[in-house]
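The lines below spell out each chain.
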Amino acid sequence: MVTLVLPRLVSFEGSGRRAASVTERNINTLRSMYWVVLVSGFLEPVLYLFSIGVGVGGLIGDIALPDGRLVGYAEFVAPAMLAASAMTGALSETTFNFFGKMKFMRLYEGILATPVRPIEIALGELAWAMVRGVLYSSAFLVIMVAMGLTTPGRALAMLPAAVLIGFAFGALGMTISTLIRSWQEFDLIFSGQFALFLFSGTFVPATAYPQWLRWVIEVTPLYRSVDLARALSLGPVGWTQALDVLYLVALLGLGLTVAGRRMTGMLCK
Amino acid sequence: MDSLIHARGLVKRFGDFTAVAGIDVDVRRGEAFGFLGPNGAGKSSTMRMIGCVSPPTDGVLQILGMDPRRDGPKIRAKLGVCPQLDNLDIELTVRENLSTYARFFGIPRKVARQRAAELLDFVQLSERGDSKVEPLSGGMKRRLTIARALVNEPEIVLLDEPTTGLDPQARHLVWERLFRLKQQGVTLVLTTHYMDEAEQLCDRLVVMDGGRIVAEGSPRALIEQYSTREVVELRFAAESQEPYSEKLAGLGERLEVLPDRILLYVFDGDAAVAEVQRRSLAPASVLVRRSSLEDVFLHLTGRTLVD
């Protein structure tokens, strides 16, 4: 079904069509064992939600939001898990998989012999990372609503936010992939990603840290993402969230530009 | 003249290294054109420039009347590329490799499926259509790569060393398919360092060495110009072949002493052998053969190993 609908939705002549053909190629690979990857990507945030949100949350009890309201710990953690899973999904597709396709499968060399251009490959891969991301996010939001952690209306507002978060991290991941030289360096990315996951106001409000660390934390992309998702889930939404959106859009634009340039430099020597 | 590929003073530099040092090439519609040369001669760099994936550093390059710097996607839509190393999609089946690739050209799904079936038939892989790429033999992968290069019904097919690494059966099958393409009017441009391949397939070729073109013409014309009609290979039992070169003086147009044998480039091989016997030199073995493109190639590019 997705094979039929998606490419048609983005079927502009030229660039859009060519980028969609790259996305379509990825959809075709789904017929193999790829669904295993998809299932694991969905399970991860759910496991965190249950073990930490519900399990550890039972010990912690309620937690105070910046405006003084008290919410259950699971309610506090759930939107952060949504943001984090959007990040993880986008990064795993655009770092590990993207790097492998570029360097080892030499997939893009073949594609570049066709009318498709490097920036269109980047766009197509990013769109694919988003297809994955939307699947994860939707499933997770359904669980949040079912557990009473947010309302259906708020969940609907969080879905486009999750898509934006995924797009921004996808573009970032792609840029990193074009800069990286070996598989070993991926360990660094994973460490960085894990540090973001732990400290971006996900499990503990950023106000719990010393002032200087708060500054560092508040400029990281996952903090901005968590802030956006949490505000949409628990309220209130204000100017800070407009800043979050702007930040993520800028990251997306920058990442995509750099990645497209670097790919042209590497593959079209 | 209908020149599909037109290059004048074409240059490709990578930093300080000059891969292609100013070449002039014209490829006409319907011909099979070859780039010959040892490793590092600049063949692949030239092919990548023609394939519009590598911008020329300097010079004029026109493909199908268009400028690769500006019209890359438009030109690539009409090219078929078979790279030196197979870069098939290992996550897809044999058939999907063709139909998915067709989609990159914007070919409708139905047509893509139909064409995939036809091409699998053309390269004799129909029975392996639903197999993954990985278990295929080298020859099968090469055939699939060639089929993939044809999926957009290209006007020009670029083949970078199409049969390197294949066993003789697979090579002959590939040659036969390429010959059929040529008969259908497809323009073929190929690189090779196999002389028999060039003689089999090419109407016209250029010999490249060190980024330059050192000779140009049909295989026959090149042999006539740079070699003699026949070659006599003499092997003497002695440790060194060198002392015999003096005794063979005046025989033939050119003489080449190799560590293990002496080559005499002559018009009439049998007459030369008779003369060798008259001078009562007794070689351990004698071979008279026709001059080949390999003789031309080694004469022009030298016997020194280039890596």
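Residues numbered from 1 in each chain as written. Chains lettered and ligands numbered in written order. Predicted model: local features only at pLDDT ≥ 70, side-chain atom pairs only at ≥ 80, totals over all residues.

K.L.:
Sorry if this is basic, but what is going on with the overall build of chain B here?
P.N.:
Helices and strands together make up the secondary structure of chain B, namely 11 helices and 13 strands. Seen through its principal axes, chain B has C-alpha atoms that stretch 75 × 45 × 35 Å. A burial count over chain B gives 42% of its 307 residues as buried. Taking all contacts inside chain B whose residues are at least 6 apart in sequence as the whole, residues at least 24 apart take part in 68%. (Helix = DSSP H or I, 4+ residues; strand = E, 2+ residues; numbered from the N terminus. Buried ≥ 20, exposed ≤ 12 C-beta atoms within 10 Å, placed from the backbone. Contact = placed C-beta atoms within 7 Å.)

K.L.:
Even after reading the chapter, I still don't get the nonpolar core, so can you show me in this structure?
P.N.:
Burial of nonpolar side chains together is a common tendency in soluble globular proteins. Ranked by size, the top nonpolar core spans 138 residues in total, and within it Leu82, Ala83, Ile165, Ala168 and Ala171 of chain A together with Leu158 of chain B carry the most contacts. Looking at this core, the element that brings in the most residues is helix α3 (residues 73–104) of chain A, giving 17 residues. Not counting residues within four places of it along the chain, the set of residues in contact with Ile165 of chain A comprises Ala83, Ala86, Met87, Ser225 and Leu248 of chain A. The next biggest cluster of nonpolar side chains, apart from the first, holds 11 residues, and it includes Leu248, Leu251, Ile262 and Leu264 of chain B. (Core = buried A, V, L, I, M, F, W, Y, C linked by C-beta atoms within 7 Å.)

K.L.:
Hey, could you run me through the confidence of the model for chain A in this one?
P.N.:
Any residue range with low pLDDT should be treated as having predicted coordinates unsuitable for detailed reading. Residue and element names in this part refer to chain A. A residue-level look at chain A finds 93% of positions with pLDDT of 70 or above and a mean pLDDT of 86. Of all the helices and strands in chain A, helix α1 (residues 2–9) carries the lowest mean pLDDT, 44, while helix α9 (residues 221–234) carries the highest, 95. Segment residues 1–12: pLDDT under 50, and 12 contacts once partners within four positions in sequence are set aside and those in other chains are kept. (pLDDT = per-residue confidence, 0-100.)

K.L.:
Would you mind showing me how to read the interface of chain B and chain A here?
P.N.:
Interface size is commonly expressed as the accessible surface area that is lost when the partners come together. Taken together, the contact between chain B and chain A spans 21 residues of the former and 21 residues of the latter. Among the secondary structure elements, those contributing two or more residues to the side of chain B that touches chain A are α2 (68–76) and α3 (94–104) of chain B. For the side of chain B that touches chain A, the element with the highest residue contribution is α3 of chain B, accounting for 4 residues. Residues belonging to the side of chain B that touches chain A are distributed by class as follows: 11 nonpolar, 5 polar and 5 charged. (Nonpolar A, V, L, I, M, F, W, Y, C, P; charged D, E, K, R; others polar.)

K.L.:
What is the right way to look at the environment of Arg235 of chain B in this model?
P.N.:
All names here are of chain B. Relative to the helices and strands, Arg235 resides in strand β10 (residues 230–235). Look at Arg235 and you get partly exposed, because 15 C-beta atoms sit within 10 Å. Separated by 50 residues in the primary sequence, Arg235 and Ser285 place their C-alpha atoms 5.2 Å from one another. The contacts of Arg235, once residues within four sequence positions are left out, are Asp260, Arg261, Pro283, Ala284 and Ser285.

K.L.:
Help me understand the UniProt feature "transmembrane region" (unreviewed entry) in chain A in this model?
P.N.:
Those residues carrying the UniProt feature "transmembrane region" (unreviewed entry) are residues 34–56, 76–99, 126–149, 155–176, 188–209 and 238–259 of chain A in this numbering. Annotated as residues 155–176 of chain A, this span is 100% helix and 0% strand, and its ends, taken at the C-alpha atoms, are 31 Å apart. (UniProt positions renumbered as here; feature names shortened; annotations may be inferred.)

K.L.:
Whenever I open this one, the sheet that holds strand β4 (residues 58–63) of chain B confuses me. Can you help?
P.N.:
Sheets are built from strands paired through backbone hydrogen bonds, the pairs being either parallel or antiparallel. All names here are of chain B. Read from one edge to the other, the open sheet built from 3 strands follows the order β2-β1-β4, with strand pairing classed as antiparallel. At either margin of the open sheet sits one strand with a lone partner, and together these are β2 (17–28) and β4. The sheet shows a mean angle of 15 degrees between the axes of neighbouring strands, taken without regard to direction. (Pairing = 2+ DSSP bridges. Axes fitted to C-alpha atoms, helices over the stretch in contact; angles between N-to-C directions.)

K.L.:
Whenever I open this one, the packing of helix α8 (residues 219–226) of chain B against helix α11 (residues 293–301) of chain B confuses me. Can you help?
P.N.:
When two helices pack together, their arrangement is given by the angle between the helix axes and by the axis-to-axis distance. Residues and elements named next belong to chain B. At a closest axis distance of 9 Å, the pairing of α8 and α11 adopts a crossing angle of 55 degrees. Regarding the angle of α8 to α11, the classification is oblique. The hand of the α8/α11 crossing is left-handed. For the pair α8 and α11, the contacting residues are Pro219, Leu222, Ile223 and Tyr226 in the first and Leu293, Val296, His299 and Leu300 in the second. In terms of residue class, the contact of α8 with α11 is built from 7 nonpolar, 1 polar and no charged. (Parallel < 35°, antiparallel > 145°, perpendicular 65-115°, else oblique. Left-handed = near helix turned anticlockwise from the far one by under 90°.)

K.L.:
What should I look at first to understand unusual backbone geometry in this one?
P.N.:
Across the chain, the bulk of peptide bonds are trans and the bulk of non-glycine residues have phi less than zero. Going from Gly235 of chain A to Pro236 of chain A, the amide bond is cis rather than trans, its omega being -15 degrees. Despite not being glycine, Cys52 of chain B shows a phi value in the positive range, around 60 degrees. On the secondary structure map, Cys52 of chain B appears in the loop between α1 (43–50) and β4. Cys52 of chain B gets classed as buried once you count the C-beta atoms within 10 Å, which come to 25. Phi at Leu64 of chain B is positive, roughly 55 degrees, even though this residue is not glycine. With respect to the element layout, Leu64 of chain B can be found in the loop between β4 and α2. Its 19 C-beta neighbours within 10 Å are what place Leu64 of chain B among the partly exposed residues.

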